[in-house]
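If you want the building blocks of each chain, they are given just below.
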Amino acid sequence: MLRLWEPLLADLAAEPVDLAPHRYGKVAACDGGMLEVSGLSVPVGAICRIGHGLSTLAAEVIGFRNGRTLMMLLGDSVLLRPGARVWPEGRPGMVPVGEAFLGRAVDGEGLPIDGGPPIHARGEWPSGGVRASALDRSPVRQRFDTGVRALNALTTFGVGQRIGVMAGSGVGKSVLMDMIARGASADIIVVGLIGERAREVSDFVERHMSEEKRDRTVIVAVPADHAPNLRLRGAMLATAMAEHFRAAGKRVLLILDSLTRVAHAAREIGLLLGEPGAARGYPPSALATITKLVERAGNSAASGGSITGLYTVLADGDNQDDPVVDTARSILDGHVVLSRELAQRGQYPAIDIGASLSRVMNDIVPPAHQKLARAFRALTASYEANRDLVLMGAYRAGADVQLDKAIAMHDQLTAFLRQEADELVDLDASAAQLSALLG
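Residues numbered from 1 in each chain as written. Predicted model: local features only at pLDDT ≥ 70, side-chain atom pairs only at ≥ 80, totals over all residues. Heavy atoms only, no water.

Engineer: How do you make sense of the packing of aromatic side chains when you look at a structure like this?
Structural biologist: One pair of aromatic rings is described through two measures. These are the centre distance and the angle between the planes. Under the definition given, this model contains one aromatic pair. Between Phe376 and Phe416, the ring centres sit 5.4 Å apart and the planes meet at 50°, which makes this aromatic pair tilted. Residue Phe376 is found in helix H11 (residues 367-385), and its partner Phe416 is found in helix H14 (residues 410-417); the two are separated by 40 residues along the sequence. Pair check on accessibility: Phe376 and Phe416 agree, each one buried. The ring of Tyr24 is capped by Arg85, whose NZ or CZ atom sits 4.1 Å from the centre of that ring. (Phe/Tyr/Trp six-rings, centres within 6.5 Å; stacked < 30°, edge-to-face > 60°. Helix = DSSP H or I, 4+ residues; strand = E, 2+ residues; numbered from the N terminus. Buried < 20%, exposed > 50% of the residue type's maximum accessible area, 1.4 Å probe, protein only. Lys NZ or Arg CZ within 6 Å of the ring centre and 35° of its normal.)

Engineer: Explain the pairing of strand S13 (residues 188-194) here, please?
Structural biologist: Put simply, side chains in a regular strand alternate between the two faces of the sheet. Where burial is concerned, most of S13 is hidden: seven out of the seven residues are buried. What you see with S13 is no split at all: Ile188, Val190, Gly192 and Ile194 on one side and Ile189, Val191 and Leu193 on the other are buried throughout. As defined by bridge partners, S13 adjoins strand S15 (residues 251-257) across six bridges and the pair is classed as parallel. The residue of S15 that forms the bridge with Val191 is Ile255. Two elements, S13 and strand S14 (residues 217-222), share six bridges in a ladder whose sense is parallel. The residue bridging Ile194 from the neighbouring strand is Val222, located in S14. (Pairing = 2+ DSSP bridges.)

Engineer: Is there a simple way to explain unusual backbone geometry in this structure?
Structural biologist: Working note: non-glycine residues mostly have negative phi, and peptide bonds are mostly trans. Cis geometry marks the peptide bond from Asp257 to Ser258; its omega dihedral reads 10°. Of note, Ser258 is situated in the loop between S15 and helix H6 (259-272). Look at the link from Tyr348 to Pro349: it is a cis peptide, with omega at -10°. Tracing the backbone shows Pro349 in the loop between helix H9 (340-344) and strand S19 (357-358).

Engineer: Would you explain the pattern of salt bridges in this entry?
Structural biologist: This structure, assessed with the given rule, holds 18 salt bridges. Of the charged contacts in the structure, one is a salt bridge between Asp428 and Arg143, with a shortest N-O distance of 3.3 Å. A residue pair is termed long-range when its members are at least 10 positions apart, and Asp428 in helix H15 (residues 427-438) and Arg143 in strand S10 (residues 143-144) qualify at 285 residues. Arg231 is paired through a salt bridge with Glu268; the nearest N and O atoms lie 3.3 Å apart. Taken together, the residues span a long stretch of sequence, with Arg231 in helix H5 (residues 228-247) and Glu268 in helix H6 at a distance of 37 residues. In this structure Arg231 comes out as buried when scored by relative accessible area, which is 9%. (Salt bridge = Lys/Arg side-chain N within 4 Å of Asp/Glu carboxyl O.)

Dropping the structure here:
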């Protein structure tokens, strides 16, 4: 029985005694989820507690106005009353990290949601990351195995690359992420499920916390019904966790699902602070949040570690020109586009090879592989461009040699792109199958 208390007693013994007087403020106004607090001067990003005794609420400082501190609740405003006491908690701008989180599922505050014991982590990391020199980012030179044949062969990823998976709702983003999470070769896997359905969070934890990768997996989950600043903190916590392990020299796979929900959370906060909605309702700070998160991934020349970032991007209304999609595509090192039309034909994963791109592929695969991948893309593009003519019987064989070959090999090309959800194909096998198909 005493062993259960040993971690807590060790934390109490290591905690320095603070004899300074504690300051507190009072709730002066509440407008939706935003509070105005008087008499308390704390920096932006600080976490505060509101209330009395054990029934307290959590809030985060997001700004200042007219001598008052602006805060946003991390939960519901039930039981909040005027004049309630507010006091700071913890260190502003720091989030807990460490090996104690391996094999656990936590929320945006780092508290366990998997029913396990409390997490005793002594390490901390800045929630906004540690800004490094641009020259500290070593180039991508090694291939990254995703376990998905179409990605390994035709849009080969690299260790330290940032990739976006872009699609509308219900096209198969989550299934593809599951396949990559199972087939990826990485020392540590950090998964951020931000703004998704609670059912998906439960299913993901059940699938991935019962396999052999449990001891090197961290899941940060903040469902869609949580406060926007808590969703944003969840994305920052997942990225900070990945940065901590990268600083220790580990090869980390960071999966963030989804980047669009993070932008939605940042948009809500920006509009509350009075920012104008510039790009289709998105204030400038919301789109800047995407850039800041994505730029934190990559290789580190100092530690030798890496963060391979995989971000899902929800294209609202299947619009690939959505501001979030366009911003993500411009900053990422590659993107995989999932097609609803292919999904409706029963092709899974529904990867649109013609629209997908890996910007580092030419640097990490041999010229022969590049040539075969370009030939595959040319054949699929030729068939899709003339698909209606072929199906109507309006095309005459012999008019186009490239199209003739594409028609003859259409079933083989489609079979190459198809893959069962529980099937894994490594890099060498993918390249060998591509060579056998077109070599």
